[in-house]
Amino acid sequence: MSVRAKAMSVATFFNRLCATLMSSTFLSTADAMGWAGFFFLLAVICLIIFAFIYVYLPETKGRSLEDMSVYFAELTGDQTLLDAEDRVVQKRRSPELEIGQIKTGASATGASAPSTPSSAQGTMT
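These figures come from a predicted structure and were not determined experimentally.

Enquirer: Looking at this model, I keep getting lost on helix H1 (residues 3-33). Mind explaining?
Expert: Think of an α-helix as turning once every 3.6 residues; residues three or four places apart then point the same way. Largest kink in H1: about 55°, centred on Phe26. Of the residues flanking the end of H1, it is Gly34, one or two places downstream, whose phi is positive at about 90°.

Enquirer: Sorry if this is basic, but what is going on with the packing of aromatic side chains here?
Expert: Centre-to-centre distance and the angle between the planes together describe a pair of aromatic rings. Taken as a whole and judged by the stated rule, the model has nine aromatic pairs. Note on Trp35 and Phe39: the rings are 6.1 Å apart at their centroids and 20° apart in plane angle, and the pair reads as stacked. Of this pair, Trp35 and Phe39 both sit in helix H2 (residues 35-56), separated by four residues, roughly a single helical turn. By relative accessible area, which is 44% here, Trp35 ends up partly exposed. Relative to Phe39, the ring of Phe38 has its centre 5.7 Å away and its plane inclined at 75°; by these criteria the two rings are edge-to-face. Its relative accessible area of 4% is what places Phe38 among the buried residues.

Conventions used here
Residues numbered from 1 in each chain as written. Predicted model: local features only at pLDDT ≥ 70, side-chain atom pairs only at ≥ 80, totals over all residues. Heavy atoms only, no water. Bend = angle between axes of the 7 residues up to and from the residue. Helix = DSSP H or I, 4+ residues; strand = E, 2+ residues; numbered from the N terminus. Phe/Tyr/Trp six-rings, centres within 6.5 Å; stacked < 30°, edge-to-face > 60°. Buried < 20%, exposed > 50% of the residue type's maximum accessible area, 1.4 Å probe, protein only.

Now the structure itself:
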């Protein structure tokens, strides 16, 4: 199972847990603290969560999912993901080298191809 699927299941679990706690304790806590105190407590909790997100989570705008996977793998030391990413990068670079050799006229054996075709060597009228 992928990391994304596991993370989504954990996130869904905690979402449901917090919603259950909030709905089951809302009225009794609001009555005990007073409405103003209760909503002040909620505002403080929101500020703490905002600070956590701002400090610990990176900006993802303009970055691909693969870039973020590599970022978090480096952060957590997940070597299996980093090795897989290296293999993908190497596979991507291999065709580029072959195309670059064709464009520059180099063959696989290292000999260079003629720069002009034989029919184009004559003068044009």
